[in-house]
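# Summary of the model geometry
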Amino acid sequence: MANRERARHWRYPELPGVDLLRARYIDKTFVWHTHETFVIAAVTEGIEEFHHRGTLERTGPGGIALINPEVPHTGRAGAPGGWVYSVLYPAPELVAGIAAETTTLRGTAGFRVPSVDDPQAARLVTAVHRAAEEGDPLAADSLLRIALARLLRDHGGPLPERTARTAGARTAARARAILQERMADPPSLGRLAAELETGPFALLRAFRALYGMPPHTWLTDARVRRARQLLDAGTAPARVAVAVGFTDQSHLNRHFTRIVGVPPGAYRRERARTYKTGSEALS
């Protein structure tokens, strides 16, 4: 069954600030993770299930998953045949610009709900992919902006501010900064708690309350994010694994694939490819 799966995670240079993923997954399971970007996933076949803020969401054909930046979530097949989808990962700055130009939303714009049934918007998302794959920059950019404007208009709202106001939240934020700084050689939970002058279970509770996941899960997610940056810069996967604190390349491969959806080697190859627009191809 697994060999029927396929995925392409890539960037089209004419859509700056946007990653694209088109995939068919059957046995795939995404572990708890977050994105620095928005996630806009239009399902075209099958059903995807994902946990999000204490609920289990199910998205089928014509449906779109809408996940805001830094919100933990999972992903898996919701039916025996898996699911097929086209995903856009627009940067927060891009979404903010479109929201400012096309809506009256105040504050930081995002999405009110994690899953909607909106076949017309889903068709727009898949059309963005098709235009990018055909090397049509005008269509790709236009359709992207139309799709985002429509989704923000129909399903958008201001995002809540995440501030570390309580003592526990401030401790969690300090723990996060330490783990980010010592990513390749992190302390144990006990040593981290002692350094922050708190107890291990108090730290676990505070960290989960602020970031939606325990410190070790957050660290794996952060390592994969850093690995993506290094791979984008052309660093070889074996060197990336050591730099971010994974034991070896196979350790990187396992966690990277469970979060990004493709192996690091395939991810890096797509980043290294060059694409021509229609006019360049004809010249």
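A brief report on the enclosed structure follows.

The rules behind each value
Residues numbered from 1 in each chain as written. Predicted model: local features only at pLDDT ≥ 70, side-chain atom pairs only at ≥ 80, totals over all residues. Heavy atoms only, no water. Pairing = 2+ DSSP bridges. Helix = DSSP H or I, 4+ residues; strand = E, 2+ residues; numbered from the N terminus. Axes fitted to C-alpha atoms, helices over the stretch in contact; angles between N-to-C directions. Buried < 20%, exposed > 50% of the residue type's maximum accessible area, 1.4 Å probe, protein only. Arc of directions from axis to C-beta. Salt bridge = Lys/Arg side-chain N within 4 Å of Asp/Glu carboxyl O.

Here we take up the sheet that holds strand β9 (residues 83-90). Taken in spatial order, the six strands line up as β1-β2-β9-β4-β7-β11 in an open sheet, and their pairing is antiparallel. For this open sheet the edge positions go to β1 (6-10) and β11 (115-117), each flanked by a neighbour on one side alone. Averaged over all pairs of adjacent strands, the angle between strand axes in this sheet comes to 15°, irrespective of strand direction. Both β1 and strand β2 (residues 18-25) contribute to a ladder of five bridges, which runs antiparallel. Counterpart to A7 in the pairing with β2 is A23.

Among all positions in helix α8 (residues 237-244), only P237, V240, A241 and V244 are buried. Taken around the axis of α8, the buried residues stretch over an arc of 105°, which confines them to a single face. Away from the buried face of α8 by more than 90 degrees, exposed residues R239 and V242 are located. Of the residues one or two after α8, G245 is the one with positive phi, at around 100°.

Pairing between side chains becomes possible if they bear opposite charge and their charged atoms approach one another. Enumeration according to the criterion identifies 17 salt bridges in this entry. Residue R225 is joined to E36 by a salt bridge in which the shortest nitrogen-to-oxygen separation is 3.7 Å. Of this pair, R225 sits in helix α7 (residues 215-232) while E36 sits in the loop between β3 (29-33) and β4 (39-46), placing them 189 residues apart in sequence. R182 is the partner of E195 in a salt bridge, and the nearest nitrogen-oxygen pair spans 2.7 Å.

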